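# Coordinates in review
Here is how the chains run, residue by residue.
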Amino acid sequence: MTYTARWWRREEGGARCGLCFHRCLIPAGGVGYCKVRGWDGDVFSSPCLGRFSSCALDPIEKKPLYHWRPGSYIFSLGSAGCNMRCPFCQNHGIAQPDTQRVSLMPLSPPDLARSVKREGLSSVAYTYNEPTLQAEYVLQAAPLLREAGIASVLVTNGMLSAEARDELTPWIDAVNVDVKTFDPVKYAALGGSLDVVKENAAGWVRAGVHVELTNLVVPGISDSREDFARMVDWIAEISPQVPLHISRYFPAHKYSAPPTSVALLKEFATIAGRKLTKVHLGNVF
Ligand code: SF4
């Protein structure tokens, strides 16, 4: 099955991709910041479209989604690539890969719908790596899934462009958005944008999509009490009902700071609990 890459156009100097906020200008023979979408001078494409590195049945709470179909299992798919560069990435093997070395298996939208039905499940999550890099596939699969009574879920860093979000939103039932930090300079250093994640998360809530937020508390990046309190204020303005998962970091990839102190996580939960009604600690055993 073939998938036509979208949200790009020819410009002087190359092809401009508009799938995410980076809006890369890619010269012939090059790839974008995500390392998976590229232009050969004629065709704009991604070797990852419709091809997946991982497939699992996960408890929905693992996404994490605690307030949408609780107690259910979700068919989870991961591919390869990411449009951020978090040094503490727990899935860096597929998220920041040499795509030649990641084994990817095709799964067509009709086969996906059949597999999910056969397993007796009612939802699919695009997860593990950045799922919006798979937007064209999601748009092909979601109508088939919906027809079969199966919901579509994104576990995303929320860096997609407004154009892509507007097209995906009617087909997405639930999202978990990872808010990395509330410091715009630190966000930029991770390859992301605080303004973009705020706009996309708020946009999904406004559109009626079920939204839960995750904040991984990483020492030196997202452990400022002031930044955290400002993030809670922002969430409360959207809606105090939006669930917030405050998650414990453990050393991974290129980041070796010790794990987040549990005392700090509990303090953050107390701060959040003053303004939000659904606050959860994650990765705390
Ligand atoms: S998806 Fe984002 S990072 Fe990848 S090529 Fe397009 S604009 Fe660049």
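Structure: see above.
In this report, we go over the structure that sits alongside the text. (Residues numbered from 1 in each chain as written. Predicted model: local features only at pLDDT ≥ 70, side-chain atom pairs only at ≥ 80, totals over all residues.)

By size, the foremost hydrophobic cluster in this structure holds 81 residues, and its most contacted members are Val124, Val153, Val175 and Leu213. Here this core takes six residues from helix α3 (residues 135-147), the largest share from any one element. Discounting residues that sit within four places of it in the chain, Leu213 has contacts with Val177, Val179, Ala201, Ile235, Val242, Leu244 and His245. (Core = buried A, V, L, I, M, F, W, Y, C linked by C-beta atoms within 7 Å. Buried ≥ 20, exposed ≤ 12 C-beta atoms within 10 Å, placed from the backbone. Helix = DSSP H or I, 4+ residues; strand = E, 2+ residues; numbered from the N terminus. Contact = placed C-beta atoms within 7 Å.)

On to the site of the ligand, then. Taken together, the neighbourhood of the ligand is formed by Cys17, Leu19, Cys20, His22, Arg23, Cys24, Gly32, Tyr33, Cys34, Arg37, Asn83 and Leu133. Tallied by class, residues from the shell around the ligand come to seven nonpolar, three polar and two charged. (Near = placed C-beta within 6 Å. Nonpolar A, V, L, I, M, F, W, Y, C, P; charged D, E, K, R; others polar.)

Turning next to the sheet that holds strand β2 (residues 14-17). Pairing is antiparallel in the open sheet, where three strands are placed in the order β1-β2-β3. Of all strands in the sheet, those with a lone pairing partner are β1 (8-11) and β3 (25-26), marking the two edges. (Pairing = 2+ DSSP bridges.)

Let us now look at the environment of Ile221. Note on placement: Ile221 falls in the loop between β14 (210-217) and α7 (225-238). Separated by 212 residues in the primary sequence, Ile221 and Arg9 have C-alpha atoms spaced 35 Å apart. With sequence-adjacent residues up to four places away left out, Ile221 is seen in contact with Thr181 and Lys186.

All right, on to helix α2 (residues 109-118) then. For an α-helix the count is 3.6 residues per turn, leaving residues at separations of three or four pointing the same way. The complete set of buried residues in α2 reads Leu112, Ala113 and Val116. End-on view of α2: buried residues confined to an arc of 95°, all on one side of the axis. Summarising the geometry of α2, the exposed residues directed more than 90 degrees from the buried face are Asp111 and Arg118. Residues of α2 that are buried make contact with β9 (73-78), β11 (123-126) and α3. One or two steps after α2, the chain reaches Gly120, where phi turns positive at roughly 70°. (Arc of directions from axis to C-beta.)

Quick look at the environment of Ser261 now. Here Ser261 lies in the loop between β15 (244-248) and α8 (262-273). We classify Ser261 as partly exposed; it has 13 C-beta atoms within 10 Å. Separated by 64 residues in the primary sequence, Ser261 and Val197 have C-alpha atoms spaced 26 Å apart.

Turning to the pairing of strand β13 (residues 174-178), a few remarks are in order. Judged by how many residues are buried, β13 sits mostly within the fold: five of five residues are covered. Covered by surrounding structure in β13 are Ala174, Asn176 and Asp178 together with Val175 and Val177, the residues of both alternating faces. Looking at chain direction, strand β12 (residues 151-156) and β13 are connected through four bridges and run parallel. By the bridge assignment, Val155 is partnered in β13 with Asn176. Where the polypeptide runs from β12 across helix α4 (residues 162-168) and back to β13, its parallel neighbour, the crossover connection is right-handed. Pairing of β13 with β14 involves five bridges; the strand directions are parallel. Following the sheet pairing, Ala174 is matched in β14 by His210. (Right-handed = clockwise from strand over helix to strand, strands pointing away.)

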